[in-house]
Amino acid sequence: MSQQPAPAPARQPLDEHAAESVRAYAADQRAKVDVLASVLEDIAANGYPSPETGVPWETARDAHLARLADEQPRVA
C-alpha cells in the first residue's frame, strides 16, 4: 500500500445562480453563528438569564416550525 494520499478530485465550477445561492446560504449561516456567539458571550459576562424571562420550549418550537413552513426552498 502506498502512503501517498489520493489525488483530490477536480472541482466543477457552479453557474452564477448556484454560486449566488451558495453565497446567500453562507451569509445566512454566518449571521446565525454570530447571534449564537453573542448570546454565549453575554452568558459568560453576565450569567444565565432567570427562568422567568425565558420562552417555553413549546412556544419556541412552534414559532420555529412556522418560520420553516414560510421559508422559500434553498439549495443546500
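Just so you know, these numbers come straight off a predicted model, no measurement behind them.

Caption draft 1: Summary view of the overall build of the chain. Assigned secondary structure in the chain consists of two helices and zero strands. A globule of 76 residues ought to have a C-alpha radius of gyration of about 11 Å, yet the chain, at 20 Å, is considerably larger. Dimensions of the chain along its principal axes, counting C-alpha atoms only, are 60 × 35 × 25 Å. In the chain, buried positions account for 1% of the 76 residues. Accessible surface, the chain as shown: approximately 7,300 Å² in total, 61% of it carbon and sulfur.

Caption draft 2: Looking closely at the pattern of salt bridges. Taken as a whole and judged by the stated rule, the model has four salt bridges. Among the ionic pairs, Arg-23 bridges to Glu-16, the shortest N-O distance being 3.6 Å. Taking the shortest distance from any N to any O, the salt bridge between Asp-28 and Lys-32 comes out at 3.4 Å. Remark: Lys-32 and Asp-28 occur in helix H1 (residues 16-46); sequence separation between them is four residues, near one turn of the helix. Residue Lys-32 is classed as partly exposed on the basis of its relative accessible area of 44%. Taken together, the shared-partner salt bridges connect Glu-16, Glu-20 and Arg-23 into one network.

Caption draft 3: Local environment of H1. In this model H1 runs 45 Å from its N-terminal to its C-terminal C-alpha over 31 residues, within 8% of the 45 Å that 1.5 Å per residue would give. Its side-chain oxygen at 3.0 Å from the backbone nitrogen of His-17, Asp-15 defines the N-terminal cap of H1.

Cut-offs applied
Residues numbered from 1 in each chain as written. Predicted model: local features only at pLDDT ≥ 70, side-chain atom pairs only at ≥ 80, totals over all residues. Heavy atoms only, no water. Helix = DSSP H or I, 4+ residues; strand = E, 2+ residues; numbered from the N terminus. Rg over C-alpha atoms; globule rule 2.2 N^0.38 Å. Buried < 20%, exposed > 50% of the residue type's maximum accessible area, 1.4 Å probe, protein only. Areas by Shrake-Rupley, 256 points an atom, 1.4 Å probe, with all protein chains shown as cover. Salt bridge = Lys/Arg side-chain N within 4 Å of Asp/Glu carboxyl O. Expected span 1.5 Å × (residues − 1). Polar contact = N/O pair within 3.5 Å; in protein donor to acceptor, adjacent residues only side chain to side chain.

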